[in-house]
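Listed here are the chains, written in short residue letters.
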Amino acid sequence: MSTLNFPVMTLRQPPEFTGNVNRQKPITLHPRRRHLTLPLASNSPQPAEQKPIIELQFIGPKAGGDGKYPVDEVTEVSGEKVLRKIMEDNKLELYATYGKLMNCGGGGSCGTCIVEVIEGKDLLSERTNAELKYLKKKPESWRLACQTIVGNKENSGKVVIQRLPQWKK
Ligand code: FES
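Small disclaimer: the values here were computed from a predicted structure and weren't measured. (Residues numbered from 1 in each chain as written. Predicted model: local features only at pLDDT ≥ 70, side-chain atom pairs only at ≥ 80, totals over all residues.)

Q: Would you mind showing me how to read the overall build of the protein here?
A: In terms of helices and strands, the protein carries four helices and seven strands. Written out in order from the N terminus, the α and β elements of the protein read β-α-β-β-β-α-α-β-α-β-β. Here the protein holds 169 residues, and the buried ones make up 19% of them. Within the protein, contacts between residues at least 6 apart in sequence are counted, and of these 65% link residues at least 24 apart. (Helix = DSSP H or I, 4+ residues; strand = E, 2+ residues; numbered from the N terminus. Buried ≥ 20, exposed ≤ 12 C-beta atoms within 10 Å, placed from the backbone. Contact = placed C-beta atoms within 7 Å.)

Rendered as structure tokens:
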């Protein structure tokens, strides 16, 4: 931090304003002391905050011409997004036909945003009441993407997701 001090200044009134040139008195101005704090640039870079990362793989619902299922890879900071948002941000189709038209927008009230967790279920949030309701008779590995938070801000690792698992069963 640095401080700037301003000097005391003395000004004289201009004659045309006094009406009497001989009685002109100097006016002394005492500017308030002002302490300016100026940030000084640092040459040393700030260390980047290291946040835990979750690596996700999304397996496509349909095999390509070569018989292989397409896999999309995404990296996200742990505990910041739900699966639905991650898929939306990466333009990965989440819904089947009915869900495309009738999904609730992530409110947990339609049950159409189904995914299957192939690997890494311990890196995801617990099932919510909406999932207990809509996935009651579904496989344990199925989740609702709008209810599933990826990571908990402290963990890291790999999660593998099957898109549209209902097409495979
Ligand atoms: S989008 Fe409706 S329950 Fe997930």
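From this point, the narrative continues.
Q: Just checking my understanding: could you explain the confidence of the model for the protein for this structure?
A: Caution applies to low-pLDDT regions: their predicted coordinates should not be interpreted in detail. Per-residue pLDDT for the protein has a mean of 83; in total, 71% of the residues score no lower than 70. Contacts of residues 17-21 to residues separated by more than four positions or lying in other chains number four contacts, the stretch itself having pLDDT below 50. (pLDDT = per-residue confidence, 0-100.)

Q: I keep staring at the nonpolar core and nothing clicks. Help me out?
A: Counting residues in hydrophobic clusters, the biggest one holds 20 residues, and the most contacted among them are Leu56, Leu83, Ala145, Val150, Val159 and Ile161. Of all the secondary structure elements, the ones that give two or more residues to this core are strand 3 (53-59), helix 2 (83-89), strand 5 (114-119) and strand 7 (157-163). Those residues in contact with Val150 that lie beyond four places of it in its chain are Ile54, Leu56, Glu76, Lys81, Leu83, Ile86, Leu124 and Val159. (Core = buried A, V, L, I, M, F, W, Y, C linked by C-beta atoms within 7 Å.)

Q: Teacher, can you tell me more about the pairing of strand 3 here?
A: Every other side chain in a regular strand lies on the same face of the sheet, so the side chains alternate between the two faces. Residues Ile54, Leu56 and Phe58 line the buried face of strand 3, whereas the alternating positions Ile53, Glu55, Gln57 and Ile59 sit on a face that is not buried. Strand direction decides the pairing type here: strand 3 and strand 4 (residues 71-77), joined by seven bridges, are antiparallel. Of the residues in strand 4, the one forming a bridge with Phe58 is Asp72. Here strand 3 runs beside strand 7; their pairing, made up of six bridges, is parallel. Bridging across to strand 7, Ile54 finds its partner in Gly157. (Pairing = 2+ DSSP bridges.)

Q: What is the right way to look at unusual backbone geometry in this model?
A: Most peptide bonds are trans, and most residues other than glycine sit at a negative phi. Although it is not a glycine, Lys153 sits at a positive phi angle of roughly 75°. Judged by the 11 C-beta atoms lying within 10 Å of it, Lys153 is exposed. If you check the backbone angles, Leu164 has positive phi at about 45° while not being a glycine. Mapped onto the elements, Leu164 comes out in the segment after strand 7.

Q: Before we go on, may I ask you to explain the sheet that holds strand 4 in this structure?
A: Adjacent strands of a sheet form backbone hydrogen bonds with each other and so pair up, either parallel or antiparallel. One open sheet holds the five strands; their spatial order is 4-3-7-5-6, and the pairing between them is mixed. Both outer strands of the open sheet, strand 4 and strand 6 (142-144), are each paired with one neighbouring strand and no more. Strand-to-strand twist across the sheet, computed as the mean angle between neighbouring axes with direction ignored, equals 35°. (Axes fitted to C-alpha atoms, helices over the stretch in contact; angles between N-to-C directions.)

Q: Teacher, can you tell me more about the environment of Val117 here?
A: Following the sequence through the fold, Val117 ends up in strand 5. Overall, the presence of 21 C-beta atoms within 10 Å leaves Val117 in the buried class. Taking the C-alpha atoms as reference points, Val117 and Arg143, separated by 26 residues in sequence, lie 7.2 Å from one another.

Q: Please explain the environment of Phe58 as it appears in this structure.
A: Summarising the element assignment, Phe58 is placed in strand 3. C-beta crowding within 10 Å serves as the criterion here: with 23 such atoms nearby, Phe58 is assigned to the buried category.

Q: Can you walk me through the environment of Pro165 in this structure?
A: Its location among the elements puts Pro165 in the segment after strand 7. A tally of 20 C-beta atoms within 10 Å means that Pro165 is categorised as buried. When the C-alpha positions of Pro165 and Val117 are compared, they lie 9.4 Å apart, and in sequence the two are 48 residues distant. Pro165 has contacts with Ile114, Val115, Glu116 and Trp142, leaving out every residue within four places of it along the chain.

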